[in-house]
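# Analysis of the macromolecular model
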Amino acid sequence: MRIIGIRSIPVAVPFHTEEKWVCGSRRGLVSVLIEIDTDEGITGLGEAPAYPSADIVLTVLRSIERFAIGEDPFRTERIAKLIDIVGTWHHVGATSPAVAAVDMACWDIVGKACGQPLVNLFGGPLREDVEYLHYVPQGTPAWMREQAAHGAAAGFESFYVKVGAEDPAIDVQRVAAVRDAIGVGPSLRVDANESWSTAAALRVLHTLEPYDIEFAEQPVSGRNLPEMARLRARTGVPLLADEASRTRYDQLDVIRQGAADAISVDNALDGTLLNMKRSAGMCEAAGVPAVKQSLGELGVATYAAAHLIAATPGFHHANQSYGPLLSDDVVEGGSLPYRGGRLRVPDRPGIGVRLDRDRLARYAELYQVAGHEYGFTDTSGGTPGIPNR
């Protein structure tokens, strides 16, 4: 079997409500769907979040297709190495989502050719479904309480809140409102996206301790692991590395430095699904839980990763997903069917999803007409990304 062509379709899908955080806001997400055709008539689906932009993803796809066309899609490791080493793309981190989409589509082809769901090819299911967070975007405490209550009513057991406000008291009010809405049982994770200095993080995390925080995700810069390790030693809130742990090489450094209590892993940021499995294996060996990070994915990428998570030890906590925020999707059935905050792993061959051609056309047209409106925008009037002291 040989790859004979790669087709790419950028789409824009609206959110139910605007996503707001310390670095800006956006009204939906942009993703690039790909289809890889083979000479035996099997087509594989892949997806690349538009990170840092759809234009860059599309440019990278055009640049790397020469390393995939003509290759056997079963040889996923060879294709990845050709892109990384012969193409010298391993020096440029922004290429990873496009590379991951090609890898994902190859695995979809492999599963379809074998008549097996990917979970069986990744080691077999350890669990039948995968847990995800309910994302509560920033807003007034009363509004956030309402949004969290909706998630609790839908059965979610883990919640995710962006923090990092200029006034830390606002963060406390927001977290208190969400905890009030969900009660004492569900887990609550906060994400500061590197917005605090160490001193600020110590103060704010101390005030958040009464709300039983599962993890504080990347409260300080991920580029200074010794300082992150010192924060970890001084706070009572467990730390989750994210911006510090983009690739398996970064994750190894986090483990060596003792800088986090849990580590985010992501195939889109590290190029292949097997790389994410390697990351989880390192974390398991170090006794550190792994959680799946998300750059903003639709159903194709969400389900592809779910297969791997279901077949891999070490994923003991809820994973990140934008599904509960999305108003629709491009796969058949539309919005993903979360049940009790969980997605059941598909049992059809490959990733196990099909594109809804009408939805795909609708959101491809939306991207062409208004795709520029779906990127992050600074609406605060301040300076995004400047740490609070």
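Look up a bit, the structure's there.
Analysis parameters
- Residues numbered from 1 in each chain as written.
- Predicted model: local features only at pLDDT ≥ 70, side-chain atom pairs only at ≥ 80, totals over all residues.
- Heavy atoms only, no water.
- Helix = DSSP H or I, 4+ residues; strand = E, 2+ residues; numbered from the N terminus.
- Rg over C-alpha atoms; globule rule 2.2 N^0.38 Å.
- Buried < 20%, exposed > 50% of the residue type's maximum accessible area, 1.4 Å probe, protein only.
- Lys, Arg positive; Asp, Glu negative; His and termini not counted.
- Charge placed at Lys NZ, Arg CZ, Asp CG, Glu CD.
- Salt bridge = Lys/Arg side-chain N within 4 Å of Asp/Glu carboxyl O.
- Core = buried A, V, L, I, M, F, W, Y, C linked by side-chain atoms within 4.5 Å.
- Contact = heavy atoms within 4.5 Å.
- Pairing = 2+ DSSP bridges.
- Axes fitted to C-alpha atoms, helices over the stretch in contact; angles between N-to-C directions.
- Phe/Tyr/Trp six-rings, centres within 6.5 Å; stacked < 30°, edge-to-face > 60°.

When its secondary structure is counted, the protein chain shows 13 helices and twelve strands. Its C-alpha atoms give the protein chain a radius of gyration of 20 Å, near enough to 21 Å, the size a compact globule of 389 residues would have. In terms of overall dimensions, the protein chain has a C-alpha envelope of 60 × 45 × 40 Å along the principal axes. With 389 residues in all, the protein chain has 59% of them scored as buried. Averaged over its 37 positive side-chain charges, the protein chain has a centre that lies 2 Å from the centre of its 49 negative ones.

Scanning the entire structure with this criterion turns up 26 salt bridges. With its nearest N and O atoms 3.1 Å apart, the salt bridge here joins Asp-191 to Lys-162. In this pair, Asp-191 sits in strand S7 (residues 187–191) while Lys-162 sits in strand S6 (residues 158–162), placing the two residues 29 residues apart along the sequence. Neither residue differs from the other here; Asp-191 and Lys-162 are each classed as buried. Across the pair Asp-328 and Arg-359 runs a salt bridge, and its minimum N-O distance is 2.8 Å. One end of the pair, Asp-328, is in the loop between helix H12 (299–310) and strand S12 (342–344); the other, Arg-359, is in helix H13 (residues 357–370), with 31 residues separating them in the sequence. Judged by relative accessible area, which is 9%, Asp-328 ranks as buried. A single salt-bridge network, built from bridges that share partners, covers Arg-7, Glu-35, Asp-37 and Arg-357.

On to the nonpolar core, then. Grouped together as the largest cluster of nonpolar side chains are 89 residues, with contacts concentrated most on Val-11, Met-228, Val-300 and Val-330. Considering every element that reaches this core, the biggest residue donor is H12, with nine residues. Among residues more than four places away in sequence, those in contact with Met-228 are Gln-218, Val-220, Ser-221, Leu-239, Leu-240, Ala-241, Ala-244, Ala-259 and Ala-260. If you look at the next biggest cluster of nonpolar residues, it comprises 31 residues, including Met-1, Leu-58, Leu-61 and Ile-109.

A separate point is the sheet that holds strand S8 (residues 213–217). Taking strand neighbours across the sheet as the criterion, the seven strands line up as S5-S6-S7-S8-S9-S10-S11 in an open arrangement whose pairing is parallel. Edge positions in the open sheet fall to strand S5 (134–136) and strand S11 (290–292), since each of these has one partner strand only. Here the strands of the sheet are splayed against their neighbours by 30° on average, with no regard to which way each runs. Inspection of the sheet shows S5 paired to S6 by three bridges, in the parallel sense. By the bridge assignment, Val-136 is partnered in S6 with Val-161.

This part covers the packing of aromatic side chains. Here the structure, examined in full by the defined rule, presents six aromatic pairs. Consider the rings of Phe-15 and Tyr-322, whose centres lie 6.1 Å apart with planes at 15°: the pair is stacked. With a gap of 307 residues between them, Phe-15 in strand S1 (residues 3–21) and Tyr-322 in the loop between H12 and S12 connect regions that are remote in the sequence. Using a relative accessible area of 7% as the deciding quantity, one classes Phe-15 as buried. Given the relative accessible area of 5%, Tyr-322 is considered buried. Arranged with centres 5.8 Å apart and planes meeting at 85°, the rings of Tyr-132 and Tyr-338 form a pair that is edge-to-face.

So, on to the sheet that holds strand S3 (residues 43–49). Strand order in this open sheet of three strands is S1-S2-S3, and the pairing throughout is antiparallel. For this open sheet the edge positions go to S1 and S3, each flanked by a neighbour on one side alone. Geometrically, the sheet is characterised by an average inter-axis angle of 20° between neighbouring strands, direction not taken into account. Where strand S2 (residues 24–38) meets S3, seven bridges bridge the pair, whose relative direction is antiparallel. When the bridges of S3 are listed, Ser-31 appears paired with Pro-49. Most of the contacts of helix H1 (residues 54–64) go to S2, to which it runs at about 15°, and overall it touches S1, S2 and S3. Packed onto the sheet, H13 meets S1 and S2 and runs at close to 70° relative to S1.

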